[in-house]
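# Analysis of the macromolecular model
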Amino acid sequence: MASTETSTRLNKGTGREGDGDLAGLDALETAGGGSGTGRAGAREVLLRKVLPPLVSVVLVLAVWQILVWAKVTDSYKLPSPGAVWGELSESWTQGKLLGYIWTSVSRGLFGFLLALVIGTPLGLLVSRVRFVRAAIGPILSGLQSLPSVAWVPPAVLWLGLNSSMMYAVILLGAVPSIANGLVSGVDQVPPLYLRAGRTLGATGLRGTWHIVLPAALPGYLAGLKQGWAFSWRSLMAAEIIASSPDLGIGLGQLLENGRTNSSMSMVFFAIFLILIVGIAIDLLIFSPLERRVLRTRGLLVRS
């Protein structure tokens, strides 16, 4: 009887009683073990991750169609889901759909990678050098709050209607967010980590690489997500305002073409594609990175 009570207490202490999620040290042990008990089954993944967004999409489409049937406004102002689907089918049949998407996605990803290369060392410099932080920190915060669309007119005048203008607008929108995210992450690093690193000989660049960056990773990752959001918004603004045949037709140009042709179905189609690309990048890149960081810190067990 005593052994049974002791076993029950041990199970409670380790968080292994019942089917609830584990946390803290138990989560670290579970994440590090190879038992696979934290893996969700196919049915659970379907119910928790696939079904809810599908239900949301169906509800939005249903409400949209009801509004069209109720004729709350003129048909040229609110196209039906079928009309938007017709735009998608026509673009696919003509072989233009993937071209629209790739033109914008390739620009956005390349611009974001440039912003990452520039923003990361800038954020480390601002966070680690007091004079630089006092001089540049307020400027970065001001640039982050400045709408990216404000940079399109000067970029066109400086660089002309070309891809360089697009990348300049992306950099001006994304670099401050990435740098500020890293600064915020470094500010939240416990001083104990830095003292322990210095005791073990991790100073200078070695301390930055092995101590500061890993500890600041959650804040840095949040800055990256925000940086991508600013990159995508900046690119769409640049494509809408500065359209040219030499630049090709991206999603922003497609949206502007719909406005120019007074085709609301094309406008909704472009908005739909812009939204889908943004969601896809988050689900395919940033969400897995975020789950991995949280899991290594014992803050997440089930994927």
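Refer to the preceding data block for the structure.
Residues numbered from 1 in each chain as written. Predicted model: local features only at pLDDT ≥ 70, side-chain atom pairs only at ≥ 80, totals over all residues. Heavy atoms only, no water.

### Things to note about the overall build of the protein
Each helix and strand counted, the protein has 13 helices and zero strands in total. Contacts in the protein between residues far apart in sequence, at least 24 positions, make up 70% of those at least 6 positions apart. (Helix = DSSP H or I, 4+ residues; strand = E, 2+ residues; numbered from the N terminus. Contact = heavy atoms within 4.5 Å.)

### Regarding the side chain of N180
Mapped onto the secondary structure, N180 falls in helix α8 (residues 163-187). On the accessibility criterion, N180 (15% relative accessible area) is buried. (Buried < 20%, exposed > 50% of the residue type's maximum accessible area, 1.4 Å probe, protein only.)

### Considering helix α12 (residues 251-260)
Most of α12 is tucked away: seven of the 10 residues are buried. All buried positions along α12 are accounted for by L251, G252, Q253, L254, L255, E256 and G258. On its buried face, α12 sits against α5 (97-128), α8, α11 (217-241) and α13 (264-296). Phi for S262, located one or two positions after α12, is positive at around 55°.

### Comments concerning the packing of α5 against α12
Direction vectors running N to C along α5 and α12 enclose 130°, while the axes themselves pass 7 Å from each other. Considering their axes alone, α5 and α12 lie oblique with respect to each other. In contact with Y100, I101, S104 and R107 of α5, α12 contributes L251, G252, Q253 and L254. For the contact of α5 with α12, the class distribution of residues is four nonpolar, three polar and one charged. (Axes fitted to C-alpha atoms, helices over the stretch in contact; angles between N-to-C directions. Parallel < 35°, antiparallel > 145°, perpendicular 65-115°, else oblique. Nonpolar A, V, L, I, M, F, W, Y, C, P; charged D, E, K, R; others polar.)

### Observations regarding the nonpolar core
W232 and L251 are the most contacted members of the largest nonpolar core, which totals 50 residues. Contact partners of L251, with chain neighbours within four places excluded, come to Y100, I101, S104, W232, M236, E239, A270, L273, I274 and V277. Counting residues in hydrophobic clusters, the runner-up holds five residues, among them V126, L140, A179 and V183. (Core = buried A, V, L, I, M, F, W, Y, C linked by side-chain atoms within 4.5 Å.)

### Some words on the packing of α8 against α11
One way to put it is that α8 packs onto α11 with a least axis distance of 7 Å and a crossing angle of 160°. In terms of orientation, α8 lies roughly antiparallel with respect to α11. Handedness of the crossing formed by α8 with α11: right-handed. Across the interface between the two elements, M165, M166, V169, I170, G173, A174, S177, I178, G181, L182 and G185 from α8 touch G219, Y220, G223, L224, Q226, G227, F230, S231, S234, L235, A238 and E239 from α11. By residue class, the composition of the contact of α8 with α11 is 12 nonpolar, 10 polar and one charged. (Left-handed = near helix turned anticlockwise from the far one by under 90°.)

### Section: the side chain of S231
Relative to the helices and strands, S231 resides in helix α11. Setting aside its immediate chain neighbours within four residues, S231 contacts F112, I170 and A174.

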